[in-house]
Amino acid sequence: MRWLLLKDLQILKRSPLLVGVLVAYSVVISLVAGVALSSGPSKPKVAFANLVPEDKSDVALGGRRVDATKYADKLFEKVEPIRVKTREEAIQKVKSGEALGALVVPADVTDKLQGTLGLGGGGRPTVEVYYSAENPLKTQYVKDTIDSTLAEANAAISAEVLRESAKYLNVIVAGGKVALPLVGSVDILGLRNARKIIDSALAELPEDAPERVALEQVSRFAGLAADNLDLSKPILASISKPVQVKRIVVSGSNASFSAFAAEAAVVGSMMFVALLLAAGMLALEREENAFGRLVRGLISRTGLVTEKVGLAALAAFVLSAVMLGILGALIGLDFARAPLWLIALALGAVAFGAMGVAIGGVTREVRSASLAAFVISLPVAALALVPSGAVSERLYDVIRVVSGAFPFSPCLKALDAAVSGGMLLTPLLHLAALTLAFGAIARISLRRFA
Amino acid sequence: MSATPAAAPVALTAEGVTKAYGERRALHGVSFAAHHGERIAIIGPNGAGKTTLLQILAGSLRASGGTVSYDEGTIGWVPQQPALYSKLSVAENLRLFARLEKRPDVPASVERMLDQTNLRDRADDQVGTLSGGNRQRVNIAIGLLAEPSVLLLDEPSSSLDPRQREVLWAFVSGLAEAGTAVVYATHNVAEAERYADRVLVLADGELLFSGSPRELEETVQGAAAAPDFESAFVRFLHERGH
């Protein structure tokens, strides 16, 4: 068997284009994925027209002035702004494709915001957003980015209002100074101080004084009002964030998005390399007419299947290990777990090799084998990546069964467990079972191979 | 050679060999024996079962029934299409199969075959770059690597020009003179007449005749004389309903 393995390696060595494509494919995919994952998403370009006059960018909130334009900075953390001076310019940038969207802040927005905050009525402040619908995915991304940023800005303004309201409540309860427009700084007595004054006045009144009943009522009111207004402060604070989120993982792994994406890239590349090599090299034995010569006593059919699985697994293992090493360095995986990575990769490579040999045995021709490897593997990979909840429960069960019949899903689970922690044994046993099953299919298919 | 082929020891025996593909029967109980030094041509129309019989004799195809036995030594198998790795050189192909055949001295076996097939000057050329004739020579060389006592060839001259055919048959005849039993299938009836001690006529998987080319001609001459061996062969098949 080793001579046949050496022969196959020699043939691969004589096929520099094929080997070059396989190696370059893996390295390029890992580098592109690694750089993309480590650098984060690029910012979409958004035209930004702030039509608010410079002297009107402040909003009076209680006793202080807040610069409304500071909320635009939050947006610029997520998009690359193209600053323009007019609405028309902004729209033109979108139409020309230079910007994916445009955000226009009308001149009256701070006045309307001031009116809303001062409970003065009038229309609510509105900003205008323009999108290009040329690319639905990018449009959705820009829309989501602007919407989420505006939601954050609204929440921040709301929080400012609540903070100011809480200060007023404090002054009403405990007393203090309040800065009012036109009037300036004003001393407020406060409910607690008012009660103290009334209580001291009551103490000096005779027991039968006719004013005592009314003053006692005012004292009780001041006490009750102060206590209840104190309670309303935490209630007001909760309004700014009425619902908090507590995140708990109940199934699956704790893998970060970067780690999972890297694992998927590695398993995908491993699948293509192993399937194409195993299927192609077995079919090549028939195309070169060597199969009949080999199996007449030089090597058993089972030996031939084992040799092809070994060849494909070896190549796929080496390439995927290199890929994972590159990606691990780029996105900062824990290299202390590397021995577990190698175990997962090795079993995955063997399972994919067995599947490839089964494809080669059934199709019997190199071109058909390569085509079948692509046609089968792409939907299998896509199905394995469908998340639960994205489809109906029944359909997801079907998808899970179909995915489980091929090595992609268990290999991804094994690598995920090896990289990020979790149950490794189950997917490894799954891969071993698939190896035996596909090996058996390959062996049976060789009965009609010659 | 000390004895005439028919008197030499038996090298290969086929007893009631049958092969069925589902309902279709490709071979019906074929029996014959090949002696050391004997050259046997299997002839017959297309689909007669010639290749199937040779594949079963070579061990690359399982028979549905019957037995195949050899007295001693190994079997050399030369399939119709060259069974070679086109990305490997002539020497590398020979070396690979010599190793798979577990030859005791691999380099010596390779050298011997390069000399016997006159391919020494092409030893380092990739097989994919060789002409059809040279590829067939390498194909035959691989079949001879194990110094077989029985050599099985399927249409060995089909891709060769007349000059290369002459060389091939001279080479094969030399092997037979050295004691190798040579069994080959051919469509070229003239070659069977010239280079076979015995012909086996197969039609629809049935062995219709086993004897020398002259005996086949005599079989049909009883009715009307045939101008040549090919005509006699065609008439023979016609008389038997094929």
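### Considerations on the overall build of chain A
Thought 1: Across its full length, chain A carries 16 helices and 8 strands.
Thought 2: Taken over 450 residues, chain A has a buried fraction of 38%.
Thought 3: Nonlocal contacts in chain A, meaning residues at least 24 apart in sequence, comprise 74% of its contacts between residues at least 6 apart.
Thought 4: Surface accessibility of chain A: about 24,200 Å² in total, with carbon and sulfur atoms responsible for 63%.

### Focus on the environment of Ala201 of chain A
All names here are of chain A.
Thought 1: With respect to the helices and strands, Ala201 occurs in helix H7 (residues 191–204).
Thought 2: By relative accessible area, which is 35% here, Ala201 ends up partly exposed.
Thought 3: Expressed as a C-alpha distance, the spacing of Ala201 and Leu215, which sit 14 residues apart in the sequence, is 8.6 Å.

### Here we look at the sheet that holds strand E2 (residues 24–35) of chain B
Each strand in a sheet pairs with another by means of backbone hydrogen bonds, the pair being arranged parallel or else antiparallel.
Residues and elements named next belong to chain B.
Thought 1: Judged by pairing direction, the sheet is antiparallel, and its 3 strands sit side by side in the order E2-E1-E4 without closing on themselves. Sheet topology places E2 and strand E4 (65–70) at the edges, where each strand pairs with a single neighbour. Each strand of the sheet is rotated relative to its neighbour by a mean of 10°, with strand direction disregarded.
Thought 2: Against the sheet, helix H1 (residues 50–58) touches strand E1 (10–21), E2 and E4, its axis set at about 60° to E2.

### As for the confidence of the model for chain B
Thought 1: Overall, the predicted model of chain B reaches an average pLDDT of 87, with 95% of residues at or above 70.
Thought 2: In the predicted assembly, ipTM is 0.79 and pTM is 0.68.

### Comments concerning the interface of chain A and chain B
Thought 1: Contact residues are listed per partner, giving 18 residues for chain A and 27 residues for chain B.
Thought 2: Together chain A and chain B conceal approximately 2,100 Å² of surface at their shared face, both sides included; 54% is due to carbon and sulfur atoms.
Thought 3: Among the residues chain A hides against chain B, the three largest losses belong to Arg14, Arg293 and Arg296 of chain A. Together they make up 37% of the total.
Thought 4: Scanning the region where chain A abuts chain B turns up 1 salt bridge.
Thought 5: When the shortest N-O distance is used, the salt bridge between Glu92 of chain B and Arg14 of chain A registers 2.6 Å.
Thought 6: At the boundary of chain A and chain B, one finds 13 residue pairs in polar contact (both at pLDDT 80 or more).
Thought 7: Looking at the side of chain A that touches chain B, the elements with two or more residues in it are helix H1 (2–13) and helix H10 (290–294) of chain A.
Thought 8: No other element matches H1 of chain A, which puts 5 residues into the side of chain A that touches chain B.
Thought 9: Across the side of chain A that touches chain B, the residue classes break down as 7 nonpolar, 4 polar and 7 charged.

Parameters and conventions
- Residues numbered from 1 in each chain as written.
- Chains lettered and ligands numbered in written order.
- Predicted model: local features only at pLDDT ≥ 70, side-chain atom pairs only at ≥ 80, totals over all residues.
- Heavy atoms only, no water.
- Helix = DSSP H or I, 4+ residues; strand = E, 2+ residues; numbered from the N terminus.
- Buried < 20%, exposed > 50% of the residue type's maximum accessible area, 1.4 Å probe, protein only.
- Contact = heavy atoms within 4.5 Å.
- Areas by Shrake-Rupley, 256 points an atom, 1.4 Å probe, with all protein chains shown as cover.
- Pairing = 2+ DSSP bridges.
- Axes fitted to C-alpha atoms, helices over the stretch in contact; angles between N-to-C directions.
- pLDDT = per-residue confidence, 0-100.
- Buried area = accessible area lost by both parts, 1.4 Å probe.
- Salt bridge = Lys/Arg side-chain N within 4 Å of Asp/Glu carboxyl O.
- Polar contact = N/O pair within 3.5 Å; in protein donor to acceptor, adjacent residues only side chain to side chain.
- Nonpolar A, V, L, I, M, F, W, Y, C, P; charged D, E, K, R; others polar.

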